[in-house]
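Residues per chain are reported as follows:
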Amino acid sequence: MKTESRTLAFSAFMALLIGCVGIAATLASNSQAILLDGLFNLIYFSVALVTIKVSKLASHPDSEAYPFGYNYFESLVNLCKGLLILGVSVFSLVDAVSALLTGGREISAGLAVLYALFATVACSVTAWVMHRSQRHVHSPLVSADKLNWVVNSIISAAILTAFCMVMLFEQLGWSTVVPYVDSVLVIAVVILCLGVPVRMASQALKELLNKTPDEAIAKPVRQAVARGLADIDTVEVRVRMVRPGRLLYIIVHVVLPDASDISVTTQDALRARVDDEVRRYYSPVVCDVMFTGDTRWAAPSCGLLIEKST
């Protein structure tokens, strides 16, 4: 798929399909592991509808109501995704531990195997489609969705493996073990995959709090700014950057020597050069380059009034 909206719509449809099948299979099999998978997908579907709307907003320019654009909505959506997945995982973990301590849970293994096989294939195909779409679509929303489907594929494959073991245990006559398999499976899957929603939510929260991007992005951007300003003498160059969603926003304060006499035309040419250098490494980007002769305008500030030096 070559557009972001189509890719996200496909992801939402698959989440709804697997979620509905999962809930139906839960009623027939009494498996809490399948219920976890079904709830996971239905919740993700509800968030996916918001994601599609946000993906359209992210391509819009800033407005009077949102003077810094709409890209923070991407980080907000990814934070909600991470927290929702984390909430469902914790709920399932508590329920599984409770069932384990009270004698386990009887399940219909044959139907559970059929559902797990369907879910594994469906999740794997969706993850592959998400991966292929990234050749044409560079979006943090699609990246987060791909990560979700990879995790979902692992969960479904684990469920399939466990239910095949249940059928094997029943054939071997190990009836005392069978009621505990479902609960143990839920606990194992949640523990193994818990880091994914935590990392997703943590990254989105850092973006919302305007934390500087990782050095893998920040370092080459600083080097690009330095190359763009290499032809002029400077007292100080301070580069600040944040990355809400897909947009990299850079503010560059250039402190010039007292004797410097750079015209507005030259300043605009330097801005264009810095912008071109940065875009070699990252896009989309908004790059504001400001020139001053006073270091106080480039110094870190908490927004309080700065006393003029005498």
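Criteria and thresholds
Residues numbered from 1 in each chain as written. Predicted model: local features only at pLDDT ≥ 70, side-chain atom pairs only at ≥ 80, totals over all residues. Heavy atoms only, no water. Pairing = 2+ DSSP bridges. Helix = DSSP H or I, 4+ residues; strand = E, 2+ residues; numbered from the N terminus. Axes fitted to C-alpha atoms, helices over the stretch in contact; angles between N-to-C directions. Contact = heavy atoms within 4.5 Å. 1 Å grid on protein atoms, 1.4 Å probe; cavity = no way out; pocket = protein on both sides within 12 Å on 5 of 7 lines; lining within 4 Å. Points joined across faces, edges and corners; volume = space filled by probe spheres on them. Nonpolar A, V, L, I, M, F, W, Y, C, P; charged D, E, K, R; others polar. Salt bridge = Lys/Arg side-chain N within 4 Å of Asp/Glu carboxyl O. Buried < 20%, exposed > 50% of the residue type's maximum accessible area, 1.4 Å probe, protein only.

Caption draft 1: Representation of the sheet that holds strand β2 (residues 248-255) within the structure. Spatial ordering of the open sheet is given by β1-β2-β3, a layout of 3 strands whose pairing is mixed. Looking at the sheet topology across the chains shown, the edges are occupied by β1 (236-242) and β3 (285-292). Neighbouring strand axes in the sheet, compared pairwise and without regard to direction, differ in orientation by 15 degrees on average. Of the strand pairs in this sheet, β1 and β2 are connected by 7 bridges, and their pairing is antiparallel. Considered in β2, the bridge of E236 is made with V255. Contacting β2 and β3, helix α9 (residues 264-279) runs over the sheet at an angle of about 145 degrees to β3.

Caption draft 2: Geometry of empty space enclosed by the protein. Following the criterion strictly, the structure yields 2 cavities of 30 Å³ or more and no others. Taken together, L36, D37, F40, I85, S89, V151, I155, V189, V190, C193, L194 and P197 form the lining of the largest cavity. The residue makeup of the lining of the largest cavity, split by class, is 10 nonpolar, 1 polar and 1 charged. Size it by volume and the second largest cavity reaches roughly 70 Å³. Surrounding the second largest cavity, Q203, K206, E207, K211, T212, P213, D214 and R243 form its lining.

Caption draft 3: Highlighting the pattern of salt bridges. Applying the stated rule across the entire model yields 10 salt bridges. K81 is the partner of D145 in a salt bridge, and the nearest nitrogen-oxygen pair spans 2.8 Å. Residue D145 is found in helix α5 (residues 140-172), and its partner K81 is found in helix α3 (residues 72-101); the two are separated by 64 residues along the sequence. Taken individually, D145 and K81 each receive the classification buried, so the pair is uniform in this respect. The residue R273 makes a salt bridge to D231 at a minimum N-O spacing of 2.7 Å. Of this pair, R273 sits in helix α9 while D231 sits in the loop between α8 (215-228) and β1; the two residues are 42 residues apart in sequence, bridging distant segments of the chain. According to the relative accessible area criterion, R273 is partly exposed, its value standing at 32%. Here the salt bridges share partners, and the residues they tie into one network are R227, E277 and R280.

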